[in-house]
Amino acid sequence: MNEHEHFMRRALELAQLGWGTTAPNPMVGAVIVEDGQIVAEGHHAQDGGPHAEKAALAALGRSAKPGATLYVTMEPCSTAGRTGACTESIKAAGISRVVVGTMDPLPAHAGRAFAVLREAGIEVVNGVLERECRDLNLIFNHWAAKGTPLLAAKSAVTLDGKIATRAGESKWITGEAARADVMRWRRLFPAIAVGAGTVMKDNPKLTARIAGAAEWCPVRFIFDGLLRSVAGKTLPQVFDDEFRERTIVVTTSQGGVGYVRKLRDLGVKVWVLPSPTQRVSFADFRTKCVEEKISGVYIEGGAHLVSELLTLRELDYMFIYRAPILLADEKAKSGWLGLREDKLDQAVRLADVRHGQFCDDQLMRGQVVYPAKLHLDEAAFNLSNGN
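What counts, and where the lines are drawn
- Residues numbered from 1 in each chain as written.
- Predicted model: local features only at pLDDT ≥ 70, side-chain atom pairs only at ≥ 80, totals over all residues.
- Heavy atoms only, no water.
- Phe/Tyr/Trp six-rings, centres within 6.5 Å; stacked < 30°, edge-to-face > 60°.
- Lys NZ or Arg CZ within 6 Å of the ring centre and 35° of its normal.
- Helix = DSSP H or I, 4+ residues; strand = E, 2+ residues; numbered from the N terminus.
- Expected span 1.5 Å × (residues − 1).
- Buried < 20%, exposed > 50% of the residue type's maximum accessible area, 1.4 Å probe, protein only.
- Arc of directions from axis to C-beta.
- Polar contact = N/O pair within 3.5 Å; in protein donor to acceptor, adjacent residues only side chain to side chain.
- 1 Å grid on protein atoms, 1.4 Å probe; cavity = no way out; pocket = protein on both sides within 12 Å on 5 of 7 lines; lining within 4 Å.
- Points joined across faces, edges and corners; volume = space filled by probe spheres on them.
- Nonpolar A, V, L, I, M, F, W, Y, C, P; charged D, E, K, R; others polar.
- Contact = heavy atoms within 4.5 Å.
- Disulfide = S-S within 2.5 Å.
- Pairing = 2+ DSSP bridges.
- Axes fitted to C-alpha atoms, helices over the stretch in contact; angles between N-to-C directions.

**Q** How would you sum up the packing of aromatic side chains? Please name residues and give values.
**A** What characterises a pair of aromatic rings is the spacing of the ring centres plus the angle enclosed by the ring planes. Counted according to the given criterion, the structure contains 13 aromatic pairs. Here the aromatic cluster, defined as three or more aromatic residues joined through ring pairs, consists of W19, W185, F189, Y298, Y317 and F319. When the ring centre of W19 is taken as reference, the NZ or CZ atom of R184 above it lies at 4.3 Å.

**Q** Before we move on, could you go through helix 1 (residues 3-15) and cite the residues and values that matter?
**A** Here helix 1 is 13 residues long and its end C-alpha atoms lie 19 Å apart, about the 18 Å a rise of 1.5 Å per residue gives. Of all the residues in helix 1, the buried ones are H4, F7, M8, A11, L12, L14 and A15. Buried residues of helix 1 fall within an arc of 155 degrees about the axis and therefore sit on the same side. You can read the cap of helix 1 off the contacts: a side-chain oxygen lies 3.1 Å from the backbone nitrogen of H4, and it is on N2.

**Q** Which residues make up empty space enclosed by the protein, and what values do they have?
**A** Evaluation of the coordinates by the stated rule reveals 1 cavity of 30 Å³ or more. Computed from the structure, the largest cavity encloses a volume of approximately 140 Å³. Every residue lining the largest cavity is counted, 17 residues in all, and those nearest its centre are A23, N25, I139, F140 and L188. For the lining of the largest cavity, the per-class residue count stands at 11 nonpolar, 6 polar and no charged.

**Q** Please set out the side chain of T198 residue by residue, giving values where relevant.
**A** In this structure, T198 sits in helix 8 (residues 196-202). The exposure class assigned to T198 is buried, which follows from its relative accessible area of 15%. When sequence neighbours within four positions are dropped, the list of residues in contact with T198 reads N203, P204, E300, G301 and G302.

**Q** Account for the state of the cysteines, naming residues and giving values.
**A** The final tally for this structure, using the stated rule, is 0 disulfides. The cysteine C86 is free of any disulfide, with C77 supplying the nearest cysteine sulfur at 3.5 Å.

**Q** Talk me through the sheet that holds strand 3 (residues 69-74); I want residue IDs and the actual numbers.
**A** The strand order 2-1-3-4-5 describes an open sheet built from 5 strands, whose pairing is mixed. What marks the edges here is a single partner per strand, and that holds for strand 2 (37-43) and strand 5 (123-126). The average undirected angle you get between the axes of adjacent strands in this sheet is 20 degrees. Sheet topology note: the strand 1 (residues 29-34)/strand 3 ladder contains 4 bridges and is antiparallel.

In structure tokens form, the structure reads like this:
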């Protein structure tokens, strides 16, 4: 490991201290090095608070020594914004060199800080541990580049891609360590989503429960085109627990105004999206998320919901936890369905893949890449059953 990578890894560790608290801003870490030693550190702790570079400079509390280097995981901001341009603070502090992990993903800002700093005579080095630094902010990067929320699905499967036995038993396919990692991602994403079937069958809390931290509730989306989840005598806990104001039911006009009124009387929000059928339009859902500034949704729905997103090309990212369990039963419940490929080049693939190991379970995650044409298998999966 060279010197730049050593100090950038420390900046990455600092950045992760802002896990789940900086949205819609990115997580960023920074260290200041003089004479080969770290003399100050900082990270972006929360939206509206000081950026990592300013936090590190404030921790230094003086002008930098000649030859001082600032390491930062993302390109410093170069526009005033709410907290002032970090490039101006860097110049005023007397920093001699800035080493950056990854460029700002906002097209209007990308590379601008480099030009500003170099014009001031400051050396700039870019791309140190770039892949790691970019991966740190996969939600922010998608939002910045595409202007839409990152829709990411999580699945826990057996070696043969099953999410439950033929009788529907699914607790637990993966072990405690893998499930703890799911909680960590729940804490990062500003929203979590499931379909009506999951809410009715499992009655989940849909909160992040991490050892040593207070229970945290993201925005909780329930996709329910017919409002089936409200029709029973016993309501799912997401409609009447202490976090119910964080619950949003996404439905259509097919759901009935009476059920909509019932939910709103309970303090639950309802998004009624236009649709000629009982199926929620995910394109309209994305648009509504943009209006509400919700930058990422972690989807833990069952096979129908995730498969519908795939067949509609609306899924951006996947987290697939795989356990060393083999069912070898064609009637066990598959994790995904609805496609029919004759050739491998017609398959959906993952790109920029990352791997994790949680005791005996494995995680594979990455960006969803669609083939030129998706071949649907209507016999295996009826799109009208998606929500």
